[in-house]
Each structure stands twice: as structure tokens, then as C-alpha cells.
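Results of the structural survey
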Amino acid sequence: MLLQREHQGDASLRPASVVDGVYDSIYERLMSLAIAPGSRIPIDVIARDLGVSQTPVREALSRLEREGLVHKAHLIGYSATPQLSRKQFEDLFNFRLLVEPEGARLAALNMTPAALAHIEEIAADMAHGAAPVDRTSRYSRFARIDAHFHDEILRIAGNEVIRSTLSSQHVHLHLFRLMFHSRVTQEALEEHENLLAAFRAGDSAAAETAMRKHIQQSRDRLMLAFE
Ligand SMILES: [Zn+2]
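Thresholds applied
Residues numbered from 1 in each chain as written. Predicted model: local features only at pLDDT ≥ 70, side-chain atom pairs only at ≥ 80, totals over all residues. Heavy atoms only, no water. Salt bridge = Lys/Arg side-chain N within 4 Å of Asp/Glu carboxyl O. Helix = DSSP H or I, 4+ residues; strand = E, 2+ residues; numbered from the N terminus. Buried < 20%, exposed > 50% of the residue type's maximum accessible area, 1.4 Å probe, protein only.

With that out of the way, let us pick up the pattern of salt bridges. Between side chains of opposite charge, a pair can form as their charged atoms come close. Taken as a whole, this structure holds 18 salt bridges when the rule is applied. Asp20 is the partner of Arg63 in a salt bridge, and the nearest nitrogen-oxygen pair spans 3.1 Å. Placement of Arg63 in helix α4 (residues 54-66) and of Asp20 in helix α2 (residues 15-31) is noted, with a sequence separation of 43 residues between them. Between Glu152 and Arg155 there is a salt bridge whose closest N-O contact spans 2.8 Å. Taken together, the positions of Glu152 and Arg155, both in helix α7 (residues 135-157) and 3 residues apart, correspond to about one turn of that helix. Accessibility expressed as a relative area gives 6% for Glu152, which makes it buried. You can call Arg155 partly exposed: its relative accessible area is 38%. One salt-bridge network, held together by shared partners, links Glu120, Glu193 and Arg200.

Structure representation (C-alpha cells):
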């Protein structure tokens, strides 16, 4: 919609929102694999396709590059980041299993009513949220909110080293890009609910266990992508 408005020359539209629209559009194509991992992303083609100039496309791509979803090579330009290898996948999950259950335990110990209300809100947004236009945007939106949910728990846990290390890996975007499947989202919601129940009860051991199970089960679901 933003893009159409720009097309009609709406001068009141701020360039930032054009960039956001272009960003969302490329992001969804990357997450749904409409732009295949490893393939080139020609700026002129995308700009023509979206009916915008090349400037917002460049800006959107550099934002996606910071998230690790695309990369830029000298003389070649932008390409979609290749899919995770099985080794990278296993390394990521082993790392998550080391730090996130402990993060959930610490978060349960530090939980306040306001912090709990905030993560409950994020969880509810994941389950219902604004009506998504199609399956693709629903899935890519889910990936982003899931990243936010896990990041908030680590923020409440209060260990900034754990939080920033995990955040710099953009694990959710890479993991969700492996597989485009509605089962991934439904089961994750149920596991998040178990985690929230532990937080509500103020039970740090149960929170640690629920997070460990959630990560193990996510790993098992996404492992299918390699078979
Ligand atoms: Zn999750």
C-alpha cells in the first residue's frame, strides 16, 4: 500500500516508510524462499518490480545485511545469504541450549508483574496479532515476534552478554527461513504457553525446563529441513 502511494506521488509520505515497505517486501521474499538462498538480488529489478527508485531498495538491503539475511560482494552486489548448513544449525542449537534455559531461569527469578504483562502481550500478539494478509507474511511476522519474545526473556534475565551475543546471531530469522511450515508456529505457541505458566507461578526450575524443551522441540521440528 505504501508503495502504491509513493507511485502516485504522495508528497506527504516520508521516505522512511517507503524504505520500511520495501524492506518488508524483500524480507518476506527471503523468509518464504521466493528469493532463493544464495541467489543474486539485482537492485534495478527489485526497484522496478516494487515501483520505487533504487535508493530505498539500497537502504532496505543494507538493513537486511545487518541482520545477516543478505550479503554484499564487491562487483557482484547483493545476494541472499545461503541456507544454514547442518553444522551451523547444530552449533546454533547447542549454543541456545547452553544459554537460553539459564536465561529463562534468571528471568523467572527477576520477573515483575510489569515484565510478565509485557511478555504475555508479545505472546498474544504472536498467537493472534493483526490479521495477516497471507501465509507468507504471517510466517515471516511470526519469526520476528518469536525473536522479540526470546530477546525480552533474556533482557529480563539481566545478563547483557548472553542477550547481545544471541541477538547478534539473528538465530530466529535463519532458523525460520529453513522451513516454511504452519506446524512450526502452532507447536511453538503451545511451548511458549508452558513457559509463561512457569513465569506466572514464579517457578524458576519449571521455566528453565520449559525453555529447554521448547528449544529441543524447535530443533527437532526444523531438523526435518535437512532430511
Ligand atoms: Zn520461541
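Resuming the write-up.
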